[in-house]
Every structure is written in structure tokens, then in C-alpha cells.
Amino acid sequence: DSGVTQTPKHLITATGQRVTLRCSPRSGDLSVYWYQQSLDQGLQFLIHYYNGEERAKGNILERFSAQQFPDLHSELNLSSLELGDSALYFCASSVASGGKDEQFFGPGTRLTVL
Amino acid sequence: AQSVTQPDIHITVSEGASLELRCNYSYGATPYLFWYVQSPGQGLQLLLKYFSGDTLVQGIKGFEAEFKRSQSSFNLRKPSVHWSDAAEYFCAVGARGGSYIPTFGRGTSLIVHP
């Protein structure tokens, strides 16, 4: 158990819908990272928050957004969902925000868009 | 920007045999290097990491990796594989400055035959 929790574990929805994925980092970690894992794209970095502020953006679509709240939990919002958004979405946390920081990954949320 | 290549998509070994998973990186200086493992249905877990110093690093679960600057490689090894080692293995590269978000390889799937 990494100490990072993600809810829900599974999510099945229809095209055009909007969903929210939730992540609680390890106690004491200030950074939260979101990743998308799919068979064709591999593990893709989406966005990073540090202590409530957005620090870096990766391959995140405009239909996706995220935020980190004062209690440091984070939410990833996916809207106007398409079939291609079906994937595993991972949240990871780390103590700080440097290149040497070990990231602790949650178990993931499996999103299926029908 | 850094990049990482894992040349082998799948590796099949017999239980008890030795293992080497390849990782090559591209970066202007010595990067931060990581190996993560993902068991089925789980998030990624850190096996080991290299920042500086001794180029042979020991990790959890009996794994080790060797940093070879001349070959831009960070191969993962284990002398005797157990059936429970069957999983997906990811090499990751973190920059020492600039874009600090680690870049993950596409992963190598390890299959262990009894």
C-alpha cells in the first residue's frame, strides 16, 4: 500500500459525459501528479500540482482539468468524454517537486467510455 | 528534454533464470534514473533509483541496476527470477534541472514460465 488513495476504482460512462476522479496523496506529500495509461500511448504525464498550485502540464487535453485543494487532495475532471479517453488514470504523490523525488502511485481509476 | 527507451516489449524467462531488462536514455547530463514495477491491477512501485555515486544500485525484491554513462544505459537485473516477479517494468528518467517531470519508458512485460 503506497498510501495514495484514488476513487472510484472503476468508472463506466457514456460518450459526452463528465466525470471526476479523486486522489488523496500520502500524508505529508505536497505534490500530486496525474497520469493516463493506455495500451497505445503508454504512461503519459498529464499535470502536476504542488501545494495547491499548478506546476507543469503535459499531454493534457483542453477537455480535462484538475485542481488541488487546501487539504492537498486533488481532482481530475474529464468532460465531453470520447471513446479514446478510456484508460487507467493514475495519481502519484511526492514530498516535493524535484526530478529526484520518488513518486508514490495510487492503484488507479479504470475509466471505460461506452 | 530527456527521453527513455525500453527496447523489449516482452521478455519471457523461466523461473530461477537470470533476468536483464534494458533501458537506454537520452539526456545532456547524468539524469536521475528510476525503475518501477507494476503488478497486474496495481499502481507503480519504485524498485530502485540512481542519483550519483556507486553505479551499481540495489533495490527491493532482489533487483539491482547498473548505470553505464558510456552506453547511456540503466539496465535492471535479477540473478534468479521468481514467478511473482511477473509484472510490467518501467524505466524512468528525471532531469536535474529544467523540466523535472520524469519521463517513463513504454514498459517491458515480464512473463515467467514455471
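In this text, all values refer to a predicted model and were calculated from it rather than measured experimentally.

Q: Kindly report on the packing of aromatic side chains, identifying the contributing residues and their values.
A: Evaluated as defined, the whole model comprises 15 aromatic pairs over all chains. A ring pair is formed by Tyr 35 of chain A and Phe 45 of chain A, whose centres lie 5.9 Å apart and whose planes are at 65 degrees; its orientation type is edge-to-face. Placement of Tyr 35 of chain A in strand S4 (residues 31-38) and of Phe 45 of chain A in strand S5 (residues 42-50) is noted, with a sequence separation of 10 residues between them. The same class applies to Tyr 35 of chain A as to Phe 45 of chain A, namely buried. Seen from their ring centres, Tyr 25 of chain B and Phe 67 of chain B are 6.2 Å apart, and the 25 degrees between their planes marks the pair as stacked.

Q: An account of the state of the cysteines is needed here, citing residue identities and associated values.
A: All names here are of chain A. Following the criterion strictly, the structure yields 2 disulfides over all chains and no others. With a sulfur-sulfur separation of 1.7 Å, Cys 23 is cross-linked through a disulfide to Cys 91. Of note, the bridge from Cys 23 to Cys 91 carries an S-S torsion of about -40 degrees and is left-handed in sense. Taken together, the positions of Cys 23 in strand S3 (residues 19-24) and Cys 91 in strand S9 (residues 87-94) put the pair 68 residues apart, joining distant regions of the chain.

Q: How would you explain the side chain of Ser 94 of chain A if you had to name every residue and give the values?
A: All names here are of chain A. Tracing the sequence through the fold places Ser 94 in strand S9. A distance of 2.8 Å separates a polar atom in the side chain of Ser 94 from the backbone oxygen of Ala 96. Ignoring anything within four residues of it in the chain, the contact list for Ser 94 reads Asp 29, Leu 30, Ser 31, Tyr 33, Asp 101, Glu 102 and Gln 103.

Q: Outline a positive patch on the surface, supporting the account with residue identities and numerical values.
A: Taken together, the side chains of Lys 100 of chain A together with Lys 49, Arg 69 and Arg 96 of chain B present a region of like positive charge at the surface. Assignment of secondary structure puts Arg 96 of chain B in the loop between strand S10 (87-94) and strand S11 (103-104).

Q: Can you tell me about the sheet that holds strand S7 (residues 64-68) of chain A, naming the residues and giving the values?
A: All names here are of chain A. The 4 strands lie next to each other as S1-S3-S8-S7, forming an open sheet whose pairing is antiparallel. Edge positions in the open sheet fall to strand S1 (5-7) and S7, since each of these has one partner strand only. Strand after strand, the sheet turns through a mean of 15 degrees between neighbouring axes, direction not considered. Pairing geometry for S3 and strand S8 (residues 74-78), over 5 bridges, is antiparallel. Bridge pairing in S8 links Val 19 to Leu 78.

Q: So, the environment of Ile 111 of chain B: which residues are in play, and what are the values?
A: Residue position: Ile 111 of chain B is located in strand S12 (residues 108-113). Among residues more than four places away in sequence, those in contact with Ile 111 of chain B are Ile 11, Thr 12 and Val 13 of chain B.

Q: Go over the interface of chain B and chain A, please, and point to the residues and values.
A: Counting from both sides, the interface comprises 19 residues of chain B and, opposite them, 23 residues of chain A. Interface area for chain B against chain A, summed over the two sides, is near 1600 Å², with a carbon-plus-sulfur share of 58%. Sorting the residues of chain B by area buried against chain A places Tyr 100, Ile 101 and Arg 106 of chain B first, and these three jointly supply 33% of that buried surface. Inspection of the region where chain B meets chain A yields 0 salt bridges. Looking at the side of chain B that touches chain A, the elements that each hand over two or more residues are strand S5 (32-38), strand S6 (44-50) and S10 of chain B.

The rules behind the values
- Residues numbered from 1 in each chain as written.
- Chains lettered and ligands numbered in written order.
- Predicted model: local features only at pLDDT ≥ 70, side-chain atom pairs only at ≥ 80, totals over all residues.
- Heavy atoms only, no water.
- Phe/Tyr/Trp six-rings, centres within 6.5 Å; stacked < 30°, edge-to-face > 60°.
- Helix = DSSP H or I, 4+ residues; strand = E, 2+ residues; numbered from the N terminus.
- Buried < 20%, exposed > 50% of the residue type's maximum accessible area, 1.4 Å probe, protein only.
- Disulfide = S-S within 2.5 Å.
- Polar contact = N/O pair within 3.5 Å; in protein donor to acceptor, adjacent residues only side chain to side chain.
- Contact = heavy atoms within 4.5 Å.
- Patch = residues over 30% accessible without salt bridge, like charges linked within 9 Å, V, L, I, M, F, W, Y side chains within 5 Å.
- Areas by Shrake-Rupley, 256 points an atom, 1.4 Å probe, with all protein chains shown as cover.
- Salt bridge = Lys/Arg side-chain N within 4 Å of Asp/Glu carboxyl O.
- Lys, Arg positive; Asp, Glu negative; His and termini not counted.
- Charge placed at Lys NZ, Arg CZ, Asp CG, Glu CD.
- Pairing = 2+ DSSP bridges.
- Axes fitted to C-alpha atoms, helices over the stretch in contact; angles between N-to-C directions.
- Buried area = accessible area lost by both parts, 1.4 Å probe.

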